[in-house]
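# Examining the three-dimensional arrangement
Residue-level listing of the chains:
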Protein chains: 4
Amino acid sequence: MTPQNTPIPDVQNSVDTRQLAINKVGIKSIRHPVKVQDQSVGIQHTIAVFNMYVGLPHNFKGTHMSRFVGTAPVSGVQSLMDYDVTFIGDINGGKVTTSVKVVVPVTSLCPCSKKISEYGAHNQRSHVTVTAKTNDFVWIEELVRLVEDEASCELFGLLKRPDEKFVTERAYDNPKFVEDMVRDVAARLNAEVRVDAYVVESENFESIHNHSAYALIEKDKTLA
Amino acid sequence: MTPQNTPIPDVQNSVDTRQLAINKVGIKSIRHPVKVQDQSVGIQHTIAVFNMYVGLPHNFKGTHMSRFVGTAPVSGVQSLMDYDVTFIGDINGGKVTTSVKVVVPVTSLCPCSKKISEYGAHNQRSHVTVTAKTNDFVWIEELVRLVEDEASCELFGLLKRPDEKFVTERAYDNPKFVEDMVRDVAARLNAEVRVDAYVVESENFESIHNHSAYALIEKDKTLA
Amino acid sequence: MTPQNTPIPDVQNSVDTRQLAINKVGIKSIRHPVKVQDQSVGIQHTIAVFNMYVGLPHNFKGTHMSRFVGTAPVSGVQSLMDYDVTFIGDINGGKVTTSVKVVVPVTSLCPCSKKISEYGAHNQRSHVTVTAKTNDFVWIEELVRLVEDEASCELFGLLKRPDEKFVTERAYDNPKFVEDMVRDVAARLNAEVRVDAYVVESENFESIHNHSAYALIEKDKTLA
Amino acid sequence: MTPQNTPIPDVQNSVDTRQLAINKVGIKSIRHPVKVQDQSVGIQHTIAVFNMYVGLPHNFKGTHMSRFVGTAPVSGVQSLMDYDVTFIGDINGGKVTTSVKVVVPVTSLCPCSKKISEYGAHNQRSHVTVTAKTNDFVWIEELVRLVEDEASCELFGLLKRPDEKFVTERAYDNPKFVEDMVRDVAARLNAEVRVDAYVVESENFESIHNHSAYALIEKDKTLA
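Residues numbered from 1 in each chain as written. Chains lettered and ligands numbered in written order. Predicted model: local features only at pLDDT ≥ 70, side-chain atom pairs only at ≥ 80, totals over all residues. Heavy atoms only, no water.

For the rest of this paragraph, the subject is the overall build of chain A. Helix and strand counts for chain A stand at four helices and eight strands. Its C-alpha atoms give chain A principal-axis dimensions of about 70 × 60 × 35 Å. Burial analysis of chain A (224 residues in total) assigns 48% to the buried set. Just so you have it, chain A exposes about 10400 Å², and 52% of that area is on carbon and sulfur atoms. (Helix = DSSP H or I, 4+ residues; strand = E, 2+ residues; numbered from the N terminus. Buried < 20%, exposed > 50% of the residue type's maximum accessible area, 1.4 Å probe, protein only. Areas by Shrake-Rupley, 256 points an atom, 1.4 Å probe, with all protein chains shown as cover.)

Shown next, in the form of structure tokens:
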């Protein structure tokens, strides 16, 4: 463990003695906006999926993945996060209904695993999906923030080592079952007067299983 | 933390005071073999993907997911794990070449996160893929075992609480970078004389990012 | 065009003069049941996805794809078709509800394209999905047959040339809009007393666009 | 069939007597660029996937799908087509290699089906993929055009009835096996001096089967 106020160890930079070079190592499936010059119109905007790899010589233990991108909560380096958003509009007998759905990827850390283990706790990426029928304008960013506040920890596009220490410890301090995730988000949506009805789901891509844990709460506040 | 030889706490079974019932909670996307009776032939065998949910009353904190299935390293309960396997055969000028590819889902726990944090360490599900050109018969199970031995921890279809404690602590005791995973599997494949050539890849679905860490080593032992 | 009772031309078998050999040609993504021998239990049953290719010398125009598998409406050769099926069970306050969902891939041929064109008509693979809440036992095969009867033509795992002539002409004789597909299946489900409620959807993967045409009818017969 | 110079029939607009209203009918999974206003930066550009549906009263046979978007070869109405593009860059020992990969969706119409049938011919959407290692700048649009020129017919985002007549007849006049597609594109790439090496693949999502027909040609022009 790291004493406070001492330099943060650089594990990746240590020597490797296995005599095995790595052909490709890096980051895979990161989404980022790009501009493409086309032959006729000029510039087109789109979203690209990047894979970026280097070859690693046999004597290096690891590569610093953060150098591929450039973030975050402690270091202050900025990066982007991507969210899948759906807008749903419906006109029925002249009545307009609008809903918004956003998938927020977060970290979840298991309270049971933390409680029963001498040390460590299994944690994983989770997708928290909020589908909200709204009666007034709500920014996507408000829904994202609301979900990220209730997770074990939010995700980042890129983390330097002081940031990685922060998110690791924050998740461990803040364990949540899949049931806790949907209840804590539901409580926030119950208090949000611009939301008339909602479905909140969480799917945890369990790090100890090859399947997911899943929970769902739905509520129509306009009934009773 | 849990002292040894004392009863393992049952966190799911504790009382919840948030007054929020959960419509559905359970396990999602678990694969299992099934038999289906058809109208003409009799019985057909296939692989089903199961989602199994219960409604959870407001006063319960959580559900025991393991009761949905039936496992594992400490409790001895048995369950199934699923692996995607590809067989590749080629005849070129009369010469037969056969390869086998298996995707082994495992747990990886980050050595950097463990080292720099006061407590905890981020961990996640990873897919380790081995594609091996073989000169003699190799069981799929041998390749799976070889990969699982080199992971932070293997996955299970189902874990009771003593099992969950075991896998959590084992992963924490056994941290691996994506680079370590491919090197340690490569070292094993180098020593396996029935394998003439291989590609080993690891994709870690990072619990702190919305993208993956990835590494690849390939080697043709018949060259030089 | 082919006069009746004369030999069916063999286009694939004609000579090619482009001087270009083909590295791989064949069929891709065909699903078939297989048995796999394992190291411990003996035999496991699963569903494999096959790709089967040959190299084609420069002087041959094409390969006979049907030889890769072995069918069908005119020739009488048998083959398998695969369907994705979902069973949904729900117990709510002691009341059991069961639904079945089946995705039936079929051919659709556009009536507008046929009507307005001098010759030919665009056609494509379509997915017709029926989700039915049942009050009595219904075979999956009954739902599949019901849908296939209402399509421009059903699909086959494999077709010899007389079969291919039959399905091409049958689809042309039997054009259907996406609207026709869902209406004709809905009419059949309205007449089926074992079905209490249903959703019927058709998605046509248009051969002239890069998007789909889609239609949906839902009905709960227990209401009014 | 339609005599030339007479009004094109409007099949969708005819009367339907089945007494079945359609809940939703329209177009599904069409990609289009959009601008989204965000809370902090201002405007973000992204690519959205649209589903657009109307309810259709029981007495109408069909809806005019083209009204959902706005195209094309005969009518001159303009629409967008979407293509998946991959750029691959590699630096090895100081040597830079760049490749570009583009997936071009087209129509393919089967020559065998046309030849052996009294009328009609099965046709379907196909994906032609070109991966080209280039020694000089090549516009993506040049590769797309080259592929579309060699297909039975190119696809369009939207077609009015005169356009639909044109593409239906053009495809029927221009039948291509999957083997023809890759050979005809390969011949064009052989003649393109800015391309040093290539792989051309075609996957035809057969309208009469539930699997694909597939072919591949690869060539490295720098060898011999």
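The next subject is the relation of the copies chain B and chain A. Superposition record for chain B on chain A: RMSD 0.0 Å, screw rotation 180°, translation along axis 0.0 Å. Expressed as an axis order, the relation between the two copies is that of a two-fold axis. Of the residues that chain B buries at the interface, 99% are likewise interface residues in chain A, meaning the two copies contact each other through the same surface. (Least-squares fit on C-alpha atoms with pLDDT ≥ 70 in both. Contact = heavy atoms within 4.5 Å.)

All names here are of chain D. At a closest axis distance of 9 Å, the pairing of helix H2 (residues 140-150) and helix H4 (residues 178-190) adopts a crossing angle of 135°. Between H2 and H4, the angle falls in the class oblique. For the crossing formed where H2 meets H4, the hand is right-handed. The segment H2 lies against H4, with Leu-143, Leu-146, Val-147, Asp-149 and Glu-150 engaging Met-181, Asp-184, Val-185, Arg-188 and Leu-189. Here the contact of H2 with H4 is built from residues that sort into six nonpolar, no polar and four charged. (Axes fitted to C-alpha atoms, helices over the stretch in contact; angles between N-to-C directions. Parallel < 35°, antiparallel > 145°, perpendicular 65-115°, else oblique. Left-handed = near helix turned anticlockwise from the far one by under 90°. Nonpolar A, V, L, I, M, F, W, Y, C, P; charged D, E, K, R; others polar.)

A separate point is the interface of chain C and chain B. Tallying the contact residues gives 10 residues for chain C and 10 residues for chain B. Across the chain C/chain B interface, buried area totals approximately 990 Å², and carbon plus sulfur atoms make up 63% of it. Of all residues in chain C, C:Gln39, C:His45 and C:Trp139 bury the most surface against chain B, accounting for 53% of the area lost on that side. One can count zero salt bridges joining chain C with chain B. When contributions to the side of chain C that touches chain B are tallied by element, the ones reaching two or more residues are strand S2 (43-56) and helix H2 (140-150) of chain C. A per-element tally of the side of chain C that touches chain B places S2(C) first, with three residues. When the residues that make up the side of chain C that touches chain B are grouped by side-chain class, the tally is two nonpolar, five polar and three charged. (Buried area = accessible area lost by both parts, 1.4 Å probe. Salt bridge = Lys/Arg side-chain N within 4 Å of Asp/Glu carboxyl O.)

Our focus in this paragraph is the relation of the copies chain C and chain B. The two copies are related by a screw operation: chain C maps onto chain B through 180° of rotation and 0.0 Å of translation along the axis, at an RMSD of 0.0 Å. Same-surface contact between copies: 100% of interface residues of chain C are shared with the interface of chain B.

What follows covers the pattern of salt bridges. All names here are of chain A. In the structure shown here, the tally under the stated rule is 80 salt bridges over all chains. Between Arg-145 and Asp-149 there is a salt bridge, and its shortest N-O distance comes to 3.3 Å. With a gap of four residues between them, Arg-145 and Asp-149 both fall in helix H2 (residues 140-150), about one helical turn apart. Note on Arg-145: relative accessible area 38%, which makes it partly exposed.

With that settled, the discussion passes to the environment of C:Glu142. On the secondary structure map, C:Glu142 appears in helix H2. Residues C:Glu142 and C:Gln124, 18 residues apart in the sequence, show an inter-C-alpha distance of 24 Å. Beyond its immediate chain neighbours, meaning those up to four positions away, C:Glu142 contacts B:Gln39 and C:Arg194. Only 2.8 Å separates the side chain of C:Glu142 from the backbone nitrogen of C:Trp139, close enough to count as a polar contact. (Polar contact = N/O pair within 3.5 Å; in protein donor to acceptor, adjacent residues only side chain to side chain.)

Taken residue by residue, chain A gives an average pLDDT of 92. The fraction at 70 or more is 96%. Complex prediction metrics read pTM 0.93 and ipTM 0.92. (pLDDT = per-residue confidence, 0-100.)

In this assembly, 89 residues from chain B lie in contact with 88 residues from chain A. Summing both sides of the interface, chain B and chain A together bury roughly 7400 Å²; the carbon and sulfur share of this comes to 54%. For chain B, the biggest contributors to the area lost against chain A are B:Ile116, B:Arg183 and B:Asn210; these three give 11% of the whole. Between chain B and chain A we count 12 salt bridges in total. In this structure, B:Asp16 and A:Arg183 form a salt bridge, with 3.4 Å as the shortest nitrogen-oxygen distance. Connecting chain B to chain A are 61 residue pairs in polar contact (both at pLDDT 80 or more). Contributions of two or more residues to the side of chain B that touches chain A are made by strand S1 (22-37), strand S2 (43-56), strand S4 (95-109), helix H1 (111-116), strand S5 (123-134), helix H3 (161-173), helix H4 (178-190) and strand S8 (212-220) of chain B. Considering only residue class, the side of chain B that touches chain A consists of 42 nonpolar, 25 polar and 22 charged. Across five bridges, the pairing between strand S8 (residues 212-220) of chain A and S1(B) is antiparallel. Residue pairing in the sheet places A:Tyr214 in a bridge with B:Gly26 of S1(B). (Pairing = 2+ DSSP bridges.)

Here we take up the packing of aromatic side chains. Taken as a whole and assessed by the stated rule, the structure comprises 12 aromatic pairs over all chains. If you follow C:Lys114 out to its NZ or CZ, it ends over the ring of C:Tyr172, 4.6 Å from the centre. (Phe/Tyr/Trp six-rings, centres within 6.5 Å; stacked < 30°, edge-to-face > 60°. Lys NZ or Arg CZ within 6 Å of the ring centre and 35° of its normal.)

A separate point is the side chain of A:Arg125. Within the secondary structure, A:Arg125 is located in strand S5 (residues 123-134). As a buried residue without a salt bridge, A:Arg125 has its nearest oppositely charged side chain in B:Glu206, at a separation of 6.9 Å. The residues contacting A:Arg125, other than those within four sequence positions of it, are A:Val106, A:Leu155, A:Glu203, A:Asn204, A:Phe205, B:Phe205, B:Glu206, B:Ser207, B:His209, B:Asn210, B:His211 and B:Ser212. (Lys, Arg positive; Asp, Glu negative; His and termini not counted.)

A word on the environment of C:Thr131. Residue and element names in this part refer to chain C. Take Thr-131: it is sitting in strand S5 (residues 123-134). Expressed as a C-alpha distance, the spacing of Thr-131 and Val-102, which sit 29 residues apart in the sequence, is 6.6 Å. Dropping the residues within four chain positions of it, Thr-131 is found in contact with Val-100, Lys-101, Ala-197, Tyr-198 and Val-199.

Its 13 residues give H3(B) an end-to-end C-alpha distance of 18 Å, which sits within 8% of 18 Å, the value for a rise of 1.5 Å per residue. For H3(B), the elements touching its buried residues are helix H1 (111-116) of chain A together with S4, H1 and strand S6 (153-154) of chain B. (Expected span 1.5 Å × (residues − 1).)

Each disulfide consists of a covalent bond between the sulfur atoms of two cysteine residues. Applying the stated criterion to the full structure yields zero disulfides over all chains. Its sulfur unpaired, A:Cys153 is 14 Å from the next cysteine sulfur, which belongs to B:Cys110. (Disulfide = S-S within 2.5 Å.)

All names here are of chain B. The end-to-end C-alpha distance of H4 is 18 Å, a good match for the 18 Å that 13 residues give at a rise of 1.5 Å each. Judged by how many residues are buried, H4 sits mostly within the fold: 10 of 13 residues are covered. Along H4, the positions that sit buried rather than exposed are Val-178, Glu-179, Asp-180, Met-181, Val-182, Arg-183, Asp-184, Val-185, Ala-186 and Leu-189.

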